[in-house]
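# Descriptive analysis of the structure
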Amino acid sequence: MPDYLAGAMLPDAKDFDTLYGQFRWNIPARYNIGVDCCDKWAQADASRLAILHVQPDGREDRITFGWLRETSNRLANVLRANGVGRGDRVAIFLPQSPEVAAAHMAIYKLGAVALPIAVLFGPDALSYRLQNSGAKALLANAQGVAKLAQIRAEAPDLATVLSIDGKDDGVADFHAELARASSGFTPVDTAAEDPAMMIYTSGTTGQPKGALHAHRILLGHMPGAELPHYPFPQAGDSYWTPADWAWAGGLLDTLLPSLHHGVPVVARKFDKFDPEEAFALMQNTQLRNAFIPPTALRMMRAVPNPRGRYDFKLRSMASGGESLGVEALEWGKSAFGLTINEFYGQTECNLVIGACEPLGALRVGSMGKAVPGHTVAVIGPDGQVLKPGETGQIAVKRPDPVMFLEYWGRPDATRDKFIGDWMTTGDQGTMDEDGYFTFVGRDDDVISSSGFRIGPGEIEDCLIGHPAVALAAAVGKPDPLRTEIVKAFIVLKKDYAPSDELAAEIQTYVKTRLSGHEYPREVAFIDDMPMTTTGKVIRRLLRERV
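Overview of the structure. Not measured: the values here are computed from a predicted model.

Conventions and cut-offs
Residues numbered from 1 in each chain as written. Predicted model: local features only at pLDDT ≥ 70, side-chain atom pairs only at ≥ 80, totals over all residues. Heavy atoms only, no water. Axes fitted to C-alpha atoms, helices over the stretch in contact; angles between N-to-C directions. Helix = DSSP H or I, 4+ residues; strand = E, 2+ residues; numbered from the N terminus. Parallel < 35°, antiparallel > 145°, perpendicular 65-115°, else oblique. Contact = heavy atoms within 4.5 Å. Nonpolar A, V, L, I, M, F, W, Y, C, P; charged D, E, K, R; others polar. Salt bridge = Lys/Arg side-chain N within 4 Å of Asp/Glu carboxyl O. Buried < 20%, exposed > 50% of the residue type's maximum accessible area, 1.4 Å probe, protein only.

## Notes on the packing of helix α2 (residues 33–44) against helix α8 (residues 217–226)
Here α2 crosses α8 at 70 degrees, and the two axes come no closer than 8 Å. Here α2 lies roughly perpendicular to α8, going by the angle between them. In this structure, α2 uses Ile33, Asp36 and Cys37 to contact α8, whose residues at the interface are Ile217, Leu218 and Leu219. Taken together, the residues that form the contact of α2 with α8 break down as 5 nonpolar, no polar and 1 charged.

Following this line, the structure appears as structure tokens:
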């Protein structure tokens, strides 16, 4: 294994343009995320704090890198004994907790592929991801096991299930299995290009696609992860996000970059985000760094006089996933006493545009500039780079260490993601003469709600499963809090009549089968669905009705 670099990846610079010009990638040929984020620190100082786990009642568990190494080694041995090997997919269906971090480290050191699944997903969404990925093992809690029980027969490849809440029918006790396993484990010697994780991302048609990433993805993330907190790390830094660690924002923008640098991560499970609790958490942990999505920030704006009521010591904050807006940016200065730096990316190629106020790279209304190490442009349909001010598609040039390897089992979709060497984002934008990017809108039907990218296809498939629904379409409706909400247009079967009760029943149907963030918050019953001659729904016409 190589010697892993400590310290910041971004060099010292007097301004952003100098930093961008000086930056050079240093990606070793052999690299393993688990060794980098866990073992290197445990070997140096096993007592070093890795995770501050805050319980709902305020109790704090101090999780060291030594614990993280031993627990991940034991789990790696358990998985290996159950037939999990190099390249096999292992699903993680857990909320923020030390076990999630240990699971990731174990899977990477085993040479397997981590498959994070957000806990808000219901049985239908879980079933699809387990089937499509061919996952051989799953780690869950009691709530996850209950969802799995409804669809277990639909995941024939799933041979091993471990629950952190104890043994159940066909489910092994996570802690008991680890207690019997050896704490010694030799990590697999992986290449930086070897697969490490797969995160499902929503598209405009059909089911979500699994974006397969290599071990190098973490190093590819580091410039964009460091930039909003520049210089990062600093003595005393500690990092928290309310984002689920199953999402790219929680896992790759926060958890793994922090562990890479040996910066303690605050873990706090929220069943539902509470802005007062968020401010209290910042105060009680004396938090220094945060990534807070725009929707959570908008909810926090409702808290009166936070700086007068809470004594927090934040030095930096990042936000991304959707546009922050001028008002939220100004509020952030008064509420936190700092400038919130935005960043931009997507699951396939994340953190490629960002702002950095300390280096003068901040312009109100803009997402920022191309992050050092990444070549980003606005292109036309034929792949040519457009002139400053012209609207086109935001695209990232390959090769790029943060870019995905492929869509799992979807070579056509992988190929269609590119125009020449440009990976297209599906986002329309402009770039001005100074290199600042401005988001204009999606060029497809993806719905952006509370920082989540929601594909209408999965929702529509679920809606059609309801016995009253003949045809269904889902679109985004502008919303001041969530950016957009999901609105469903439904043509009923002939034996059913529209009613508020039926609308509520359909909403619950989707909420319990997919997730709480994907269900339609509004339902409209229509007589006819606008369609093309080839039978495709014309969502543009439906968006005009919202």
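## Things to note about the pattern of salt bridges
If you walk through the whole model with that rule in mind, you get 25 salt bridges. With its nearest N and O atoms 3.9 Å apart, the salt bridge here joins Lys417 to Glu348. Separated by 69 residues along the polypeptide, Lys417 in the loop between α14 (411–416) and β20 (418–419) and Glu348 in the loop between β14 (340–346) and β15 (349–354) bring together distant segments of the chain. The residues Lys417 and Glu348 share a single accessibility class, namely buried. Glu460 is paired through a salt bridge with Arg539; the nearest N and O atoms lie 2.9 Å apart. Here Glu460, found in helix α15 (residues 456–464), pairs with Arg539, found in helix α17 (residues 539–543); they are 79 residues apart in sequence, far enough to count as distant. One network of salt bridges, in which partners are shared, links Arg363, Asp432 and Asp434.

## Topic: the packing of α8 against helix α9 (residues 248–260)
The angle between the axes and the distance between the axes are what describe a pair of packed helices. Taken N-terminus to C-terminus, the directions of α8 and α9 make an angle of 100 degrees; their axes are 10 Å apart at the nearest point. If you check the angle between α8 and α9, you find them roughly perpendicular. Facing α8, whose interface residues are Ile217, Leu218, Leu219, His221, Met222 and Ala225, α9 presents Leu252, Asp253, Leu256, Pro257 and His260. Of the residues belonging to the contact of α8 with α9, the class tally is 8 nonpolar, 2 polar and 1 charged.

Worth remembering: the numbers are spatial, not functional.
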